[in-house]
Amino acid sequence: MSETIRVIGDTLPGADMNAPLLEVDDLRIDFKVRGKRVPAVRGASFTLEQGRTLAVVGESGSGKSVTSQAIMGILDTPPGHVTGGAVRLHGVDLLGLDEETRRTIRGNHIAIVFQDALSALNPLWSVGFQIGELFRVHRGTSRKAAKLKAIELLDLVGIPDAANRIGHYPHQFSGGMRQRVMIAMALALDPEVLIADEPTTALDVTVQAQIMRLLKKIQAERNMGLILITHDLGVVADVADDVAVMYAGEVVERAGIRDTFKRPAHPYTKALLRAIPRVDAIGQELEVIRGLPPNPASLPGGCPFHPRCFAAEDRCATEVPPWVEPAENHGSRCHFAEEVYTDER
């Protein structure tokens, strides 16, 4: 069944409501640095279904945030350039659309919550004005109606005394409250996909838990697809349905949450899990992943993880590993994925 996606009084032809909500297919992104092209994302692929949470995890520099920027259409070009692949919303490739159409999709269909709310919010305008502006620009709402919508959204995300606080500026809110304001802005136009790019990084543990509970609650109420970009596997275990593990610009493992934690098929995923502090291992030495992530400008041959891998063999330094699927809905880019998966059973 082919339908159309509503875009500000107009339509986007070719939408297939039977297709996955969002597909990232072999996405490739390069950065031009001193005249040289450096690969930041090297063929990332994953799928997000409606009402589910996909966690994209990996160390800093693995390509997580750059991938989210490409999905949103906010990648700085230059220096970044999408050089291949597709990003499909209900089957429609967003990368092939003109900028004016992409602008109507941002906020209406795909929205993002950035990790640094203080930098993302405009310090010169009140939070109520910034939220209300979305309705005035995208919906043609009157200033009075936009103000009421802003109050409603601030109340939704748990801002106390929302009617009075809409006149306050970003610096007058705590870090956790600013993040709630960012979530309110992202939800304003009722998007189908919400990207949360490390939304709790700068917050203390208690506030982190509050923000994640809020995101999960609103997602369930609105049946949104949620992409959670993080390096915190503890958060992933609590909220995610599916996991995509990124390393050196590519997805090295995709699986459901249970298989990711119980039967990881890639040594990098296994190493990340071993590095999580455990309450049943008090007094034991915390395991670490030796070495550092590779420089994207000079990736090692073969498997990019092999210099740090506890299971590496000679072939790993020379042969690029294939994508292997040791089980249904579980894939890994490793020569020994099936063996590692079997060992974990």
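- Quoted verbatim from the Sequence similarities (unreviewed entry) field of UniProt, the annotation for the protein chain is "Belongs to the ABC transporter superfamily."
- Its UniProt record, at the heading Subcellular location (unreviewed entry), says of the protein chain: "Cell membrane".

Observations concerning the packing of helix 4 (residues 127-138) against helix 5 (residues 143-156)
Right, on to step 1. Close contact between helix 4 and helix 5 brings their axes to 8 Å; oriented N to C, the two are set at 120 degrees. When the axes of helix 4 and helix 5 are compared, the crossing they make is right-handed. On helix 5, the residues touching V127, G128, F129, I131, G132, F135 and R136 of helix 4 are R143, A146, K149, A150, L153 and L154.

Overview of the packing of aromatic side chains
Right, on to step 1. Counted by the stated rule, this structure contains four aromatic pairs.
Right, on to step 2. Note on Y247 and Y268: the rings are 4.6 Å apart at their centroids and 55 degrees apart in plane angle, and the pair reads as tilted. Of this pair, Y247 sits in strand 11 (residues 242-247) while Y268 sits in helix 11 (residues 267-274), and the two are 21 residues apart along the sequence. Residues Y247 and Y268 agree in their burial class; the two are buried.
Right, on to step 3. We note R136 situated over the ring of F129; from NZ or CZ to the ring centre the distance is 4.5 Å.
Right, on to step 4. Positioned above the aromatic ring of F173, the side-chain terminus of R165 is 4.0 Å from the ring centre.

A word on the domain arrangement of the protein chain
Right, on to step 1. Entries for the protein chain in the domain assignment read domain 1 (42-240) and domain 2 (267-344).
Right, on to step 2. The C-alpha-based centres of domain 1 and domain 2 are spaced at 31 Å.
Right, on to step 3. Across the boundary between the two partners, domain 1 contributes five residues, which contact eight residues of domain 2.
Right, on to step 4. Of the roughly 560 Å² buried between domain 1 and domain 2 on both sides combined, carbon and sulfur atoms contribute 63%.
Right, on to step 5. Summed over the three residues of domain 1 that lose the most area to domain 2, namely R42, E59 and L233, the buried surface amounts to 79% of that side.
Right, on to step 6. One can count one salt bridge joining domain 1 with domain 2.
Right, on to step 7. E59 serves as the salt-bridge partner of R308, at 3.0 Å between the closest nitrogen and oxygen.
Right, on to step 8. On inspection of domain 1 and its partner domain 2, the count reaches two residue pairs in polar contact (both at pLDDT 80 or more).

Digging into helix 11
Right, on to step 1. Of all the eight residues making up helix 11, seven are buried; the element is thus mostly covered by neighbouring parts of the structure.
Right, on to step 2. Within helix 11 the residues assigned to the buried category are P267, Y268, T269, K270, A271, L272 and L273.

So, a negative patch on the surface
Right, on to step 1. On the surface, a cluster of negative charge is made up of E313, D314, E338 and E339.
Right, on to step 2. With respect to the secondary-structure elements, E339 resides in helix 12 (residues 337-344).

Focus on the nonpolar core
Right, on to step 1. Counting residues in each nonpolar core, the largest one holds 40 residues, and the members touching the most others are I131, L154, V181, I183 and L194.
Right, on to step 2. At the level of elements, strand 8 (110-113), helix 4, helix 5, helix 7 (175-187), strand 9 (193-197), helix 8 (205-222), strand 10 (225-230) and helix 9 (233-239) are the ones that each hand at least two residues to this core.
Right, on to step 3. When residues of this core are assigned to their parent elements, the largest contribution, seven residues, is made by helix 7.
Right, on to step 4. For V181, the contacting residues outside a window of four places in its chain are L121, V127, I131, L154, I159 and F173.
Right, on to step 5. Residues L27, L48, I71 and I229 belong to the second largest nonpolar core, which totals 29 residues.

Observations concerning the state of the cysteines
Two cysteines joined by a covalent bond between their sulfur atoms form a disulfide.
Right, on to step 1. By the definition in use, this model includes zero disulfides.
Right, on to step 2. The thiol of C309 is not disulfide-bonded; the next cysteine sulfur, from C316, is found 6.3 Å away.
Right, on to step 3. Cysteine C334 shares no disulfide, and the gap to the nearest cysteine sulfur, in C309, comes to 6.4 Å.

Looking at the confidence of the model for the protein chain
Right, on to step 1. The share of residues in the protein chain with pLDDT of 70 or more is 94%, and the mean pLDDT across the chain is 89.
Right, on to step 2. Note that pLDDT drops below 50 for residues 1-10; the model gives that stretch 29 contacts with residues more than four away or on any other chain.

Remarks on the pattern of salt bridges
Right, on to step 1. A complete count under the given rule lists twelve salt bridges for this structure.
Right, on to step 2. Where D259 meets R263, a salt bridge forms, and the shortest distance between an N and an O atom there is 3.1 Å.
Right, on to step 3. You can call D259 buried: its relative accessible area is 14%.
Right, on to step 4. Here R315 and E319 are joined by a salt bridge, their closest N and O atoms 3.5 Å apart.
Right, on to step 5. For E319, a relative accessible area of 37% translates into the label partly exposed.
Right, on to step 6. The network of salt bridges with common partners includes R42, E250 and R333.

Looking at the pairing of strand 12 (residues 250-256)
Where a strand is regular, its side chains alternate between the two sheet faces.
Right, on to step 1. Here strand 12 lies mainly inside the structure; five of its seven residues are buried.
Right, on to step 2. Hairpin remark: strand 11 followed by strand 12, antiparallel, with two residues in the connecting loop; positive phi at A248, about 50 degrees.
Right, on to step 3. Taken together, the two bridges between strand 12 and strand 14 (residues 330-333) define a ladder with antiparallel strand orientation. Bridge assignment links R254 to a residue of strand 14, and that residue is G331.

Definitions and limits used
Residues numbered from 1 in each chain as written. Predicted model: local features only at pLDDT ≥ 70, side-chain atom pairs only at ≥ 80, totals over all residues. Heavy atoms only, no water. UniProt positions renumbered as here; feature names shortened; annotations may be inferred. Axes fitted to C-alpha atoms, helices over the stretch in contact; angles between N-to-C directions. Helix = DSSP H or I, 4+ residues; strand = E, 2+ residues; numbered from the N terminus. Left-handed = near helix turned anticlockwise from the far one by under 90°. Contact = heavy atoms within 4.5 Å. Phe/Tyr/Trp six-rings, centres within 6.5 Å; stacked < 30°, edge-to-face > 60°. Buried < 20%, exposed > 50% of the residue type's maximum accessible area, 1.4 Å probe, protein only. Lys NZ or Arg CZ within 6 Å of the ring centre and 35° of its normal. Domains from an automatic or database assignment. Buried area = accessible area lost by both parts, 1.4 Å probe. Salt bridge = Lys/Arg side-chain N within 4 Å of Asp/Glu carboxyl O. Polar contact = N/O pair within 3.5 Å; in protein donor to acceptor, adjacent residues only side chain to side chain. Patch = residues over 30% accessible without salt bridge, like charges linked within 9 Å, V, L, I, M, F, W, Y side chains within 5 Å. Areas by Shrake-Rupley, 256 points an atom, 1.4 Å probe, with all protein chains shown as cover. Lys, Arg positive; Asp, Glu negative; His and termini not counted. Charge placed at Lys NZ, Arg CZ, Asp CG, Glu CD. Core = buried A, V, L, I, M, F, W, Y, C linked by side-chain atoms within 4.5 Å. Disulfide = S-S within 2.5 Å. pLDDT = per-residue confidence, 0-100. Pairing = 2+ DSSP bridges.

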